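# Commentary on secondary and tertiary structure
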Amino acid sequence: MLTGCPSSHSPGASASQPAQATAPPVAAPAPSQPVAPPPPPPPSAEEVHVRQVVEQVEAAYARGEADYGKGMLAEAKVEFDHAVDLMLTSGVDIRSNAQLSDEFDHIVDKVNALEMEALKQGNGFAPQEETTPAEAASDVTFAVDPNLVAKATADLATTKSDLPLVMNDYVAGFINFFANTQRGHNTLLHSFERSGLYKGMIQRVLADEGVPQDLIYLAVAESGFQPRAVNRRSRAGGMWQFMPHGDYGLGRDSYVDERFDPEKSTRAYARYMKFLYDQLGDWYLAMAAYDHGAGNIQKAVERTGYADFWELYKRHELPSETQNYVPEILAAIIIANHPTQYGFDEVTLDPPVLTDTVTVNYSINLKLVSDMVGAPVDEIEALNPSLLRGVTPPDASFDLHLPAGTATLFDQRVDAIPESKRNAWRYHLVTADDTLATVARDYRVQPAELARVNQLSPESDLKGMDALVVPLAPEVEPSTRRVLYTVRRGDTLVTIADRFGVSLAELRRWNNLTGTRVEPGRRLHVAEPAPERSHSSVTRRTTRSTTSRATSSGSKTAPASVHKGAATAAKKPSGAGN
């Protein structure tokens, strides 16, 4: 067995020992070099575009979140809307692009979370519609205070009213509720305060139509002087709560609902009240008929032989809602005439609505109007509550109300935009930092197209420019036939309402929905279906006034066949609790 071989390098080896043959040395293999991966392809134009869109969306959302944190809900809504609009108008199919789809879901979920928090304090990002005094009193048992009855009876001796006021336990119960309970006091106080917005206009219209001035206080029971109030059960709407259908001289189509026009609806209300009085011969019965229907009141009179509201009340011939309706209004009248005696010495009327009015016979988006007169779009919407889609109708004359003193500015600026483009294009006031590229980016238009419509070269700077017109595509086809929309994944009622230029409240009402979420595949009404009006051609373009004085030549008194003897009136059964 071999135990080992001496090494030629071992100590003591003979130097003369012949060297043994050895294999030639083999060079150590060089370390393998990793193969470098091919460089990634440059991002496509769409990827670059999507990345830019996402950055702009996040910036808009961050601004909205900051506004929300400050309690500036209207401003926050504008930024959130802008964030969603940036994606919807990006030119990229959101659901076919993973990055943009994820961003859309992310932003919508965050906005929804904030909106649900806002809903606890109001109607989403819009002010909450307040409870009317009638609603506040709907479930109240009224205590009668003999001292209050005596006091109110004495007050009647000095109360000037063009209605035959009376004092009894029914009226005293409401006075007690409004004067001595926090809930009743606050709702009536807020109604009185809001009345200042329209009081002068209402008084003028009532005088024009020859009806008692104190009939203004039916608005306390109907809406608390809120022009956009809607009864969810009956779908009655406006300050005077007219039903969607009925011949009151108020036009309705998918663009305009004149029930929400404060002056036109007041004109219709005054004429209808006069009609009811002519039919029934008594203002209390007329008031009851406004709530319950002329036909129903006439039948109650025929059954009992008493053409007297209080007798019908005592005999329980009227629904409880209608029984409360008249004494509630009388209580409001008495308190309004003696506010300090009933604890309403702190009433400060809201300042009256003062506007300029221009008559347009083309379709114009309220965002463009906002641009031109320098007022927030929410203010323009509030001055034009009869518009349903944020745009004036394309085939009819419309009295567009503007902030007082801005009609001349509107006239000067609107001529810069072709009439056929006013339902979509925008008007941008140039700032020192603006360039064609930055403005084009902000509005998602091509710089070359922005330059072309403004008669500039693509290389032009904006020095000396006051404003640019911005060529945007219409958000929705201006067609009254496009009234249904199929919900897609990721849609919410908020984004759908914004896309079609309608309010969240309207979208909910038209589709009997609550909340903000809606299941994919459902078909929604995005404009309230209604028969289209026939319109005569209009050639007059502009008129002005310093108060909101919409024309009323189209209004007419409702014919007797609509109301007389009907089982229910065309007017909704409203009142307490609805």
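Data block above holds the structure.
Here the structure is a predicted model, which means the values were calculated and not measured. (Residues numbered from 1 in each chain as written. Predicted model: local features only at pLDDT ≥ 70, side-chain atom pairs only at ≥ 80, totals over all residues. Heavy atoms only, no water.)

### Quick word on the overall build of the chain
Looking only at helices and strands, the chain features 21 helices and 6 strands. Counting the 578 residues in the chain, one finds 50% classified as buried. When contacts within the chain are restricted to residue pairs at least 6 apart in sequence, long-range pairs at least 24 apart make up 70% of them. Surface exposure of the chain reaches about 27900 Å², of which carbon and sulfur atoms provide 52%. (Helix = DSSP H or I, 4+ residues; strand = E, 2+ residues; numbered from the N terminus. Buried < 20%, exposed > 50% of the residue type's maximum accessible area, 1.4 Å probe, protein only. Contact = heavy atoms within 4.5 Å. Areas by Shrake-Rupley, 256 points an atom, 1.4 Å probe, with all protein chains shown as cover.)

### Remarks on helix α17 (residues 436-443)
Every buried residue of α17 is accounted for by L436, T438, V439, A440 and Y443. The secondary structure elements touched by the buried residues of α17 are β3 (426-429), α18 (447-453) and β4 (467-470). Among the residues trailing α17, R444 stands out with phi positive, at a value near 60°.

### Description of the nonpolar core
Counting 72 residues, the largest nonpolar core has I175, L218, M273 and Y290 as the members making the most contacts within it. Residue contributions to this core peak at 9 residues, all from helix α13 (residues 320-337). Those residues within four positions of L218 in sequence are excluded, and the remaining contacts are W240, Y269, M273, M287, Y290, Y325 and I329. Of all hydrophobic cores here, the second largest spans 29 residues; its members include V369, V391, A407 and V453. (Core = buried A, V, L, I, M, F, W, Y, C linked by side-chain atoms within 4.5 Å.)

### A word on the pattern of salt bridges
Pairing between side chains of opposite charge can happen when their charged atoms approach one another. In this structure the tally under the stated criterion is 13 salt bridges. The residue D371 makes a salt bridge to R426 at a minimum N-O spacing of 2.6 Å. Taken together, the positions of D371 in helix α14 (residues 366-373) and R426 in strand β3 put the pair 55 residues apart, joining distant regions of the chain. In this structure, a network of salt bridges that share partners links the residues D208, E209, R267 and R271. (Salt bridge = Lys/Arg side-chain N within 4 Å of Asp/Glu carboxyl O.)

### Looking at the pairing of strand β1 (residues 355-360)
Of all the 6 residues making up β1, 6 are buried; the element is thus mostly covered by neighbouring parts of the structure. Neither face of β1 is open: one carries T355, T357 and T359, the other D356, V358 and V360, and all of them are buried. Sheet analysis places β1 next to strand β2 (residues 398-403), joined by 6 bridges and oriented antiparallel. Residue pairing for β2: T355 is matched across the bridge by P403. (Pairing = 2+ DSSP bridges.)

Worth remembering: the numbers are spatial, not functional.
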